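Summary of structural features
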Amino acid sequence: MQTLHLLGIPHTITSRQSPWNCCAFTQKAIKFTEMMSKLGWEIILYSNEKSDDLGCELVPVTSEKDFRSTYPDEDFTKEQFKFGYGAMHDNFHANTPKALAKRVSAGDVILASWGTGHMKVVNTLLDEVNSDLGSNLYIVEPFIGYPTTFSPFRIYESYSRLNTDIGALNRSFDIKFHDGVEHGSYEARHYTDPRHEDFVIPPYFDPAEFEYKYDKDDYYLFIGRITESKGLKEAVKLAEVMDKKLIVCGQATPEEFEQVIGQQTPPFVEFLGAVDIEMRKILYRDAELVCMFTYYPEPGGNVFFEAIASGTPVITSNRGIFPEVNHQGITGWRCKSFRNIVTAAENIHLIDNEVCREYAINNFSCDRVALIFDAYFQHITRLREDGYWHFEKGLSVAELDWLMRPYTAEQTAEYTETVVKRMQEKRKIIAKIEETNITDLLAKADEATKQEILKHLKEEA
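To start, this report covers the structure provided alongside it. The shown structure was predicted, so the numbers you read here are calculated from the model rather than taken from an experiment.

Observations regarding the overall build of the protein chain
Each helix and strand counted, the protein chain has 18 helices and 13 strands in total. Of all 461 residues assigned to the protein chain, the portion counted as buried reaches 49%. Restricting to contacts in the protein chain with at least 6 residues of sequence separation, those with at least 24 account for 68%.

Spelled out as structure tokens, the structure:
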């Protein structure tokens, strides 16, 4: 079975403790490790020595001393994370390729969770291992919500982000072939390449980190980066118009917050700065609604999933990922003007908080999304081994379940049971191979088991 080698975020500690809970990529890595381990995947995490115990092998590639020397005075509860310099950066990029080279085997997956921030690590690794091994590794970017990618296997958080990349390639093609003159071929290859390795897997949440309360309190909530492009001014204006309290949370000082909203903090606004996981749980649970009026095409929007996990509806803009996940009238409302926003707030009582939470858990909980990741790793393996045009007749429609939404609780439970059972059976087969005479085992096996045995032997070879 493949091993998943998860590269931590170079400039953080893989922990749920403050301030690391404010780093979306760090928290994705934590939840990914836990949920995929539950499905039987072996995961090796390469991160700082002070990282949380996630029940997998931790390979320390940076130290607490590295962190202290790189960021001696920074308070990341009041400022955005910094990266790209110092001992944290240098040692991560020096130590990780060497640690990987000692542990990777053919067919393993390298998860570049920080995108192009891990490109140097991957390229150094490929230089250090033999070409046969290097060509049999899967280099995957698992959380793409950013504009530049480098890996051959890509998982986007939204179709919006995926199609933005496709559109950029299309524009490059038009420029390169202006007036029928070929100015280059790189873009042309990508323009005609359907990229079957690309997948979209939405963000996910751990239901244990959130609580549900049907009767909400009388305040609005904004959690996120303290920047105008997140629609913070609209959130303040909405609270003023609706005569509501607005609680704002994010990595900034009170002075920076006032600079973004262009005024002194109004009496109906409470700015809390960065909050820890426990305070976040309470704020989401009790809020009447959450504001996400992002100007740019939001690629992932983790706050949305965290809010609906608490049964708290979200009013969003109508761009980026929101048309894909904000189920109009079920999890909140999507809006195109401030008039729409006010109308949505006036009618927020029409959202059934219990249905909102159920929709969230059935579609975006770790247990559900882990199955989509599982389908993806199988998908890219089959593509490499069998090619795009390989097919089998008579397969169950469950082959397509990873695209189903919305999911009822019954469908989710049935699919989860099927996948877990398959993983358990595969582990049993591997165990039998390791302790039994192969000839005898093949002679007694049915055809399906025989094929699994042969496939495993091929992988090991």
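Some words on the side chain of Asp374
Along the chain, Asp374 falls in helix H15 (residues 366-386). A distance of 3.2 Å separates polar atoms of two side chains, one belonging to Asp374 and the other to Trp41.

Examining helix H14 (residues 353-364)
Residues separated by three or four positions in an α-helix point in the same direction, a consequence of the helix having 3.6 residues per turn. Given a rise of 1.5 Å per residue, 12 residues ought to cover 16 Å, and the 16 Å separating the end C-alpha atoms of H14 matches this to within 8%. Where H14 is concerned, the buried positions are Asn353, Cys356, Arg357, Tyr359, Ala360, Asn362, Asn363 and Phe364. Sitting at the amino-terminal end of H14 is Asp352, which places a side-chain oxygen 2.9 Å from the backbone nitrogen of Glu354.

Points about the environment of Tyr212
Inspection of the secondary structure assignment puts Tyr212 in the loop between strand E7 (199-200) and strand E8 (219-223). The spatial distance from the C-alpha of Tyr212 to the C-alpha of Ser310 is 4.7 Å, given a sequence separation of 98 residues. Discounting residues that sit within four places of it in the chain, Tyr212 has contacts with Arg285, Ser310, Gly311, Asn353, Glu354 and Arg357. Within the structure, the side chain of Tyr212 is placed 3.2 Å from the backbone nitrogen of Glu354, a separation counted as a polar contact.

Quick word on the sheet that holds strand E13 (residues 332-335)
Read across the sheet, six strands follow the order E10-E9-E8-E11-E12-E13 without closing on themselves; strand pairing throughout is parallel. In the strand order of this sheet, the two ends are held by strand E10 (269-273) and E13, each with one partner. Strand after strand, the sheet turns through a mean of 20° between neighbouring axes, direction not considered. With three bridges joining them, strand E11 (residues 289-292) and strand E12 (residues 314-317) adopt parallel strand pairing. Each residue of the ladder has a partner; that of Val290, found in E12, is Val314. The sheet contacts of helix H13 (residues 338-346) involve E8, E11, E12 and E13, and relative to E13 the element is tilted by about 170°.

Cut-offs applied
- All chains use their own residue numbering, which begins from 1 and follows the written sequence.
- The predicted origin of the model limits local features to residues at a pLDDT of at least 70 and limits the giving and counting of side-chain atom pairs to 80 or more, whereas totals for whole chains, interfaces and linings rest on all residues.
- Side-chain descriptors were evaluated using all non-hydrogen atoms of the structure, hydrogens and water having been removed beforehand.
- Per the convention used, a helix needs a DSSP run of H or I reaching at least four residues, while a strand needs a run of E reaching at least two, with both numbered from the N terminus.
- Residue burial is assigned from relative accessible area. The probe radius is 1.4 Å, only protein chains are included, and a residue is buried under 20% of its type maximum, exposed over 50%, and partly exposed in between.
- A contact between two residues is defined here by any heavy atoms of the two lying within 4.5 Å.
- Pairs of N or O atoms within 3.5 Å make up the polar contacts considered here, provided that, within protein, one atom can donate a hydrogen while the other can accept it, and that residues adjacent in sequence are counted only when both atoms are side-chain atoms.
- Multiplying one less than the number of residues by 1.5 Å gives the expected span of a helix.
- By the convention used here, strands pair only if DSSP detects at least 2 bridges between them.
- Note on geometry: axes are C-alpha line fits, over the in-contact stretch for helices, and angles between N-to-C directions span 0 to 180 degrees.

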